[in-house]
Amino acid sequence: MATAPLAPTILIVEDDPALRTLLMRLLREEGFQPLSAGHGAEMARLLETNTVDLILLDVMLPGSNGFDLCRAIRRDSEVPIVMLSARDDETDRLIGLELGADDYIGKPFSKKELIARIRAILRRAQGGAQSSQPRGHQQMTFAGWSLDPGRRELLSPDGTFVELSGAEFDLLLAFVTSPQRVIGRERLLEMSRARFSDASDRSIDVLVSRLRRKLAVTGQAEALLRTVRGVGYLFTAAVERR
Amino acid sequence: MKPWRLWPQRLGGQVTLVLMLAVALEFIGSSILFENSRIYPNRDNQVRRAAEQLVTAGNILENIPAAERPARAAALSNRGGRLVWSPQSALVDRERSAEHKLKDEFRDAEPGLRDRDLHFNAELGHALPRDTHLKVALRLRDGTWLTLKTRIRAAPWAVLLSSVGSAFILGLGVIAAAALVLRNLSRPLRALAEAADKVGQDAHVRIGETGAGDLKLVAKAFNAMQDRIAGLLRARTDALAAVGHDLRTPLARLRLRAGFVKDVEAREALEADVDEMTAMLDSLLAYLGGQEDPEPRRRTDLAALAMTVVDDAVDAGRPAAYDGLDHLPVQARPVSLKRAISNIVENALHYGGEANLTLTREGAAAVLAVEDSGPGIPEAELAEVLQPFHRLDSARARNTAGLGLGLTIVQQILHREGGVLVLKNRPEGGLRVELRLPAL
């Protein structure tokens with residue numbers, strides 16, 4: 001595995017000692033440099049003395065919970081945060097993402113899934129991709145549609161919530177962040193698989209056609225996502241940020 | 001209830017009071033009727049009195065000088081009958097059946113009249129009640145005549161009628177009063193029966209604490225019982241949900257540990273087990289948490305949800321297909337609705353080998369149909385499969401994963417969105433499951 005020359009430091013904040021040990025071992029095996037804390041105070045101490053590249057933060061913690069800690073960290077740091085939670089429900093996920101967490105993983109998660117997500121987020125943070133994944137509530141609108149990257153939501157012109165798969169959302173986000181510019185298939189593949197690197201190998205063409213169908217409003221979608229023969233796709237609409 | 005202080009609160013008291021009122025009413029009513037009927041003595045008595053008056057006056061007049069007789073006759077007159085003495089008969093005896101009948105009655109009433117000369121003249125009055133205006137002349141022993149003018153009151157039909165009428169009205173009154181009280185009793189009872197019937201179906205049923213005192217107590221006890229049942233259920237549900245959540249941490253450890261197992265076969269088996277346990281936990285938590293789902297309802301594109309579910313199945317290499325509208329908004333909680341759709345698709349793929357989704361609009365309803373080509377469900381069991389923890393025998397024999405909550409959860413979710421779940425066996429084989437929701 002091609003990791004960064006300097007092993008990224010990952011801070012695990014988890015109150016279950018056994019799970020903490022397991023995560024330490026796993027991350028070490030994958031070439032990361034893990035640190036661990038059992039609660040918020042310990043986390044704060046470690047953050048003062050170490051440079052941390054990513055925080056794995058459990059939601060259910062003794063004392064102040066993961067949401068409180070997430071909010072506290074975001075006050076003075078942009079360090080990527082991945083929330084771990086035993087409650088795999090949508091409300092918790094939304095709260096986490098709105099507080100500025102970069103991802104949210106429900107327990108139990110597999111090793112593969114965890115590592116994939118950590119890598120994706122580290123890659124996003126390093127690659128100066130800050131602009132491609134705006135944080136917070138910066139909504140984007142195009143042709144009446146609105147896209148909320150924080151909540152990972154797409155609303156149609158009449159305000160209907162339109163469900164997108166993770167890969168579809170990332171693909172659309174890639175288009176919307178580079179509007180009116182031809183984007184090659186390779187680049188799109190890379191961008192849309194940033195989130196789920198273990199996704200099956202569906203082609204970009206399939207993803208685009210699925211996206212077109214979900215965006216279809218009186219035949220507008222074809223024009224919205226124009227195929228550029230032999231190169232890739234062009235997102236034709238103008239995008240406004242709010 | 002302040003002005004009704006005298007109205008008893010207990011059921012027994014109310015019934016007693018009504019009975020007492022009815023008896024009192026009956027008593028007062030019949031006394032009045034009785035008083036009324038005493039004013040009208042019957043015909044026999046009237047005839048006897050008249051005959052008596054005639055004989056007595058005749059006897060008196062026979063024994064006094066003729067000169068004093070007119071004055072004495074007047075003196076012997078009374079309100080019932082006027083007596084007039086005259087030397088000759090002023091009355092022609094009319095020989096009609098009415099007169100014959102009266103003559104016989106007079107003679108029966110007063111045997112002293114049997115061998116005396118009597119002239120009768122009876123005229124029936126024109127006005128109701130048709131009284132008989134009677135003139136009777138008695139020949140005294142000295143050949144002079146004493147005439148009695150009297151009135152035999154007709155049988156008091158009107159009185160009879162009015163007494164029957166009064167009794168009828170009285171009876172009606174008592175029945176009406178009793179019906180009112182009974183209604184007062186039965187309405188809360190009926191409400192209670194209806195409420196008891198609804199308990200456990202879905203929402204909490206409260207019944208009004210009205211009616212007689214005892215019924216109020218029943219209503220109160222019923223409501224309190226419901227609160228206790230709801231409390232117990234909530235406590236159990238919370239405990240189960242807490243265990244469910246707590247199990248996730250050891251499951252997370254187990255899944256991570258599985259990653260360290262070198263033996264590939266063993267690792268895959270372990271991971272499959274953890275996946276199965278996770279799926280069971282998820283369905284149990286979805287079933288338990290259904291009522292308190294914090295997810296808000298919003299305008300949601302049903303087509304996009306269905307497409308996402310189908311695409312996920314296709315990506316996993318499974319035979320699913322979507323055909324239908326590109327957009328169809330409904331008012332729903334998207335995450336739970338997606339869970340419902342994927343439960344149905346999962347079932348179709350598992351038992352029916354394929355999942356063909358169609359989305360149409362039928363009037364005001366959005367109909368998402370999922371069809372497979374499997375064995376379907378025996379008609380007799382179509383309703384039972386919706387029961388929690390129910391599994392078809394054939395399914396159990398196949399040793400399938402899950403707790404038998406899939407369809408129950410789907411039904412729960414649809415119910416909360418105002419929709420219905422319809423299961424049908426297709427004539428050409430296989431099962432058709434329809435998720436019907438109000439379209440926007």
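Every chain begins its residue count from 1, and numbering advances along the sequence as written. Going through the entries in the order they are written, you letter the chains from A and number the ligands from 1. In keeping with the predicted nature of the model, local features appear solely for residues at pLDDT of at least 70, side-chain atom pairs appear and are counted solely at 80 or more, and the whole-chain, interface and lining totals rest on all residues. Heavy atoms from the whole structure form the basis of all side-chain values; hydrogens and water molecules are not counted.

Under an unreviewed UniProt entry, the name given to chain A is DNA-binding response OmpR family regulator, and the organism recorded is Caulobacter rhizosphaerae.

### What about the overall build of chain A?
By the criteria applied, helices consist of DSSP H or I runs no shorter than four residues and strands consist of E runs no shorter than two, each listed in order from the N terminus. Within chain A, the secondary structure is distributed over nine helices and twelve strands. The contacts in chain A between residues at least 6 apart in sequence include a share of 58% that link residues at least 24 apart. Per-residue accessibility takes into account occlusion by the displayed protein chains alone, with areas from the Shrake-Rupley method and a 1.4 Å probe. Accessible surface, chain A: about 10,600 Å² in total, of which carbon and sulfur atoms supply 50%. Throughout, a residue-residue contact means that at least one pair of heavy atoms, one from each residue, lies within 4.5 Å.

### Considering the packing of aromatic side chains
Residue and element names in this part refer to chain A. Classification of ring pairs uses Phe, Tyr and Trp, with its six-membered ring standing for Trp, and accepts pairs whose centres are within 6.5 Å; under 30 degrees between planes counts as stacked, over 60 as edge-to-face, and the remaining range as tilted. Applying the stated rule across the entire model yields four aromatic pairs over all chains. Between Phe142 and Phe235, the aromatic rings sit 5.2 Å apart at their centres with planes inclined by 75°, giving edge-to-face as the arrangement. Taken as a pair, Phe142 in strand S6 (residues 140-142) and Phe235 in strand S11 (residues 232-235) lie far apart in primary sequence, 93 residues in all. Overall, the relative accessible area of 1% leaves Phe142 in the buried class. With centroids separated by 6.2 Å and ring planes inclined at 20°, the aromatic side chains of Phe175 and Phe235 adopt a geometry described as stacked. For every residue, the accessible area obtained with a 1.4 Å probe (protein chains only) is divided by the maximum for its type, and the residue is called buried under 20%, exposed over 50%, and partly exposed between those limits.

### Brief notes about the packing of helix H2 (residues 43-62) of chain B against helix H3 (residues 69-76) of chain B
Helix-helix packing is described using two parameters, namely the angle between the two axes and the distance between the axes. All names here are of chain B. Interaxial distance between H2 and H3 falls to 10 Å at its minimum, and their mutual angle equals 155°. On the basis of their axis angle, the class for H2 and H3 is roughly antiparallel. At the point where H2 passes H3, the crossing takes the right-handed sense. Contacts from Gln53, Ala57, Ile60, Leu61 and Glu62 in H2 reach Arg69, Arg72, Ala73 and Leu76 in H3. Each axis is a line fitted through C-alpha atoms, taken for helices only over the stretch in contact, and angles between the N-to-C directions span 0 to 180 degrees. For this classification, under 35 degrees means roughly parallel, over 145 means roughly antiparallel, 65 to 115 means roughly perpendicular, and everything else is oblique. Each crossing is labelled by how the near helix is turned from the far one, with a counterclockwise turn of less than a right angle marking it left-handed and a clockwise turn marking it right-handed.

### Looking at the interface of chain A and chain B
Interfaces are often sized by the amount of accessible area the parts lose when they come together. In this assembly, 37 residues from chain A lie in contact with 33 residues from chain B. Buried area is a sum: the accessible area each of two parts loses on coming together, probed at 1.4 Å, counted once for each and added. Across the chain A/chain B interface, buried area totals approximately 3,200 Å², and carbon plus sulfur atoms make up 59% of it. By salt bridge we mean one thing: a side-chain nitrogen of Lys or Arg within 4 Å of a carboxyl oxygen of Asp or Glu. The interface formed by chain A and chain B includes seven salt bridges. Asp326 of chain B is the salt-bridge partner of Arg213 of chain A, the closest N and O atoms lying 2.7 Å from each other. Nitrogen and oxygen atoms within 3.5 Å of one another constitute a polar contact, given that in protein one can donate a hydrogen and the other can accept it, and given that sequence-neighbouring residues count only through two side-chain atoms. The interface formed by chain A and chain B includes 17 residue pairs in polar contact (both at pLDDT 80 or more). When residues of the side of chain A that touches chain B are traced back to their parent elements, those giving at least two are helix H1 (17-29), helix H4 (90-98), strand S8 (153-155) and helix H8 (204-215) of chain A. Ten residues, namely Ala, Val, Leu, Ile, Met, Phe, Trp, Tyr, Cys and Pro, are considered nonpolar, four, namely Asp, Glu, Lys and Arg, are considered charged, and the remaining ones, Gly among them, are considered polar. For the side of chain A that touches chain B, a count of residues per class yields 15 nonpolar, six polar and 16 charged.

### Overview of the confidence of the model for chain B
Values of pLDDT, ranging from 0 to 100, describe the predictor's confidence in every residue of the model. For chain B, mean pLDDT is 82; residues scoring 70 or higher make up 88% of the total. Here the predicted complex scores 0.62 on pTM and 0.74 on ipTM.

### Brief notes about the sheet that holds strand S9 (residues 365-371) of chain B
Residue and element names in this part refer to chain B. A pair of strands is labelled paired if DSSP reports no fewer than 2 bridges between them. Pairing within the open sheet is mixed, and its five strands lie in the order S6-S8-S9-S11-S10. Strands with a single pairing partner mark the edges of an open sheet, and in this sheet they are strand S6 (320-324) and strand S10 (420-425). Shown here is a sheet whose adjacent strand axes are inclined to one another by a mean of 20°, direction ignored. Pairing geometry for S10 and strand S11 (residues 431-438), over six bridges, is antiparallel. Residue pairing across strands places Lys424 opposite Arg432, the latter belonging to S11.

### Overview of the nonpolar core
Residues and elements named next belong to chain B. Leu302, Leu337, Ile341, Leu357, Leu421, Leu423 and Leu435 are the most contacted members of the largest nonpolar core, which has 46 residues in total. Among the elements that line this core, the one with the most residues is helix H8 (residues 302-315), at eight residues. Apart from residues lying up to four places away in sequence, Leu421 is in contact with Ile344, Leu386, Leu407, Val410, Gln411, Leu414, Val433, Glu434 and Leu435. Only buried residues count toward a nonpolar core, which is a set of Ala, Val, Leu, Ile, Met, Phe, Trp, Tyr and Cys residues joined through side-chain atoms within 4.5 Å.

### Topic: helix H7 (residues 264-289) of chain B
Residues and elements named next belong to chain B. An expected span of 1.5 Å times one less than the residue number is assigned to each helix. In this model, H7 (26 residues) spans 36 Å end to end at C-alpha, consistent with the 38 Å of a helix rising 1.5 Å per residue. Looking at H7, one finds that the buried residues are Val274, Thr278, Leu281, Ser283, Leu284, Leu285, Ala286 and Leu288. Elements that come into contact with the buried residues of H7 comprise helix H6 (213-258), helix H9 (334-352) and helix H11 (406-416). Residue Asp263 occupies the N-cap position of H7, its side-chain oxygen lying 3.0 Å from the main-chain nitrogen of Glu265.

### Things to note about the sheet that holds strand S2 (residues 118-124) of chain B
Residue and element names in this part refer to chain B. The four strands are arranged S1-S4-S3-S2 in an open sheet whose pairing can be described as antiparallel. The open sheet is flanked by strand S1 (81-86) and S2, the only strands paired with a single partner. Sheet twist, expressed as the average angle between the axes of neighbouring strands with direction ignored, equals 15°. Bridge count for S1 against strand S4 (residues 145-152) is six bridges, and the pairing is antiparallel. Looking at S4, one finds that Trp85 is bridged to Leu146.

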